[in-house]
Amino acid sequence: MGESRAIMCYLCENYGSVPSLYPKDLQKRATVDAMLNFDLGTFSNSIGEFVGPQLLKKLPADKEKEAAMKVVLDKFDKALTEKQYATGKDLTIADFCLVTSLTLADCMPVQYDFSPWSNVTAWFKRMKALPYFEECNAPFYEFAKSMAETK
């Protein structure tokens, strides 16, 4: 199995000791699945299409791709209204996927300004405050830094 979202679902289903990460309740699970699909089909793609060429090919920012990413950030910001995490009050595997996508834009040499999206900014701050965030993401930030330093 090579898809990280499927791997997380499998691990939670078979070994999960924190039921809120991938709830058994089908309505709650459907909400988590919806956010996983939003990340896979929309969120990560829009961020990757904007950030990837800048990070990997040293190309200037593409205004059209940035505009598309802003539309997606608007949707995510609205989805986070009155929620602590992506699906409500509990941290889920959807949050881990979404934060991975957003971290791509955050690890740019010039960090992207998320301040126009107050709910996204607050959520991202909560995610970065998790005790394992730095350890899990340090290699990603280091890779981005090394890419920025290469010519």
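The structure we're discussing is the one just above.
The text that follows walks through the structure, step by step, so that each part is easy to find.

### Notes on the overall build of the chain
When helices and strands are tallied, the chain shows 6 helices and 0 strands. Tracing the chain from N to C terminus, the helices and strands come up as α-α-α-α-α-α. Scaling as 2.2 N^0.38, a compact globule of 151 residues should have a C-alpha radius of gyration of about 15 Å, and the chain matches this with 16 Å. Each principal axis of the C-alpha distribution contributes one length, and for the chain these read about 50 × 30 × 25 Å. By residue count, 38% of the 151 residues in the chain fall in the buried class. Pairs at least 24 residues apart make up 69% of the contacts formed inside the chain by residues separated by at least 6 positions.

### Focus: helix α4 (residues 93-106)
Taking 1.5 Å of rise per residue, 14 residues should cover 20 Å, and α4 covers 20 Å from first to last C-alpha, within 8% of that figure. Against the buried residues of α4 lie α1 (4-15), α2 (26-57), α3 (63-79), α5 (118-128) and α6 (133-149).

### Re α5
For α5, every residue scored as buried is listed here: Val120, Trp123, Phe124 and Met127. The buried residues of α5 all sit within an arc of 100° when viewed along its axis, so they share a single face.

### Here's the deal with the side chain of Thr92
Following the sequence through the fold, Thr92 ends up in the loop between α3 and α4. Once residues within four sequence positions are removed from consideration, Thr92 is found in contact with Ser20, Leu21, Val32 and Thr87.

### A short note on the packing of α2 against α3
Where α2 meets α3, the closest approach of the two axes is 8 Å, and the angle between their N-to-C directions is 150°. Here α2 lies roughly antiparallel to α3, going by the angle between them. When you trace α2 past α3, the crossing you get is left-handed. Contacts between α2 and α3 involve Met35, Phe38, Thr42, Phe43, Ser46, Ile47, Glu49 and Phe50 from the first element and Lys65, Glu66, Ala68, Met69, Val72, Leu73 and Phe76 from the second.

### A few points about the nonpolar core
If you look at the biggest cluster of nonpolar residues, it comprises 42 residues, and the most contacted ones within it are Phe43, Leu73, Phe76, Leu102 and Trp123. At the level of secondary structure, the elements contributing two or more residues to this core comprise α1, α2, α3, α4, α5 and α6. Among the elements that take part in this core, α2 stands out by supplying 9 residues, more than any other. Residues in contact with Phe43, not counting those within four places in the same chain, are Phe38, Val72, Leu73, Phe76, Leu98, Ser101 and Leu102.

### Side note on the state of the cysteines
Under the counting rule described, the total for this entry stands at 0 disulfides. Just so you know, Cys9 is unpaired, no disulfide at all, and the nearest cysteine sulfur is the one on Cys12, 7.1 Å from it. With no disulfide of its own, Cys97 has Cys9 as its nearest cysteine by sulfur position, at a separation of 7.9 Å.

Rules used in this analysis
- Residues numbered from 1 in each chain as written.
- Predicted model: local features only at pLDDT ≥ 70, side-chain atom pairs only at ≥ 80, totals over all residues.
- Heavy atoms only, no water.
- Helix = DSSP H or I, 4+ residues; strand = E, 2+ residues; numbered from the N terminus.
- Rg over C-alpha atoms; globule rule 2.2 N^0.38 Å.
- Buried < 20%, exposed > 50% of the residue type's maximum accessible area, 1.4 Å probe, protein only.
- Contact = heavy atoms within 4.5 Å.
- Expected span 1.5 Å × (residues − 1).
- Arc of directions from axis to C-beta.
- Axes fitted to C-alpha atoms, helices over the stretch in contact; angles between N-to-C directions.
- Parallel < 35°, antiparallel > 145°, perpendicular 65-115°, else oblique.
- Left-handed = near helix turned anticlockwise from the far one by under 90°.
- Core = buried A, V, L, I, M, F, W, Y, C linked by side-chain atoms within 4.5 Å.
- Disulfide = S-S within 2.5 Å.

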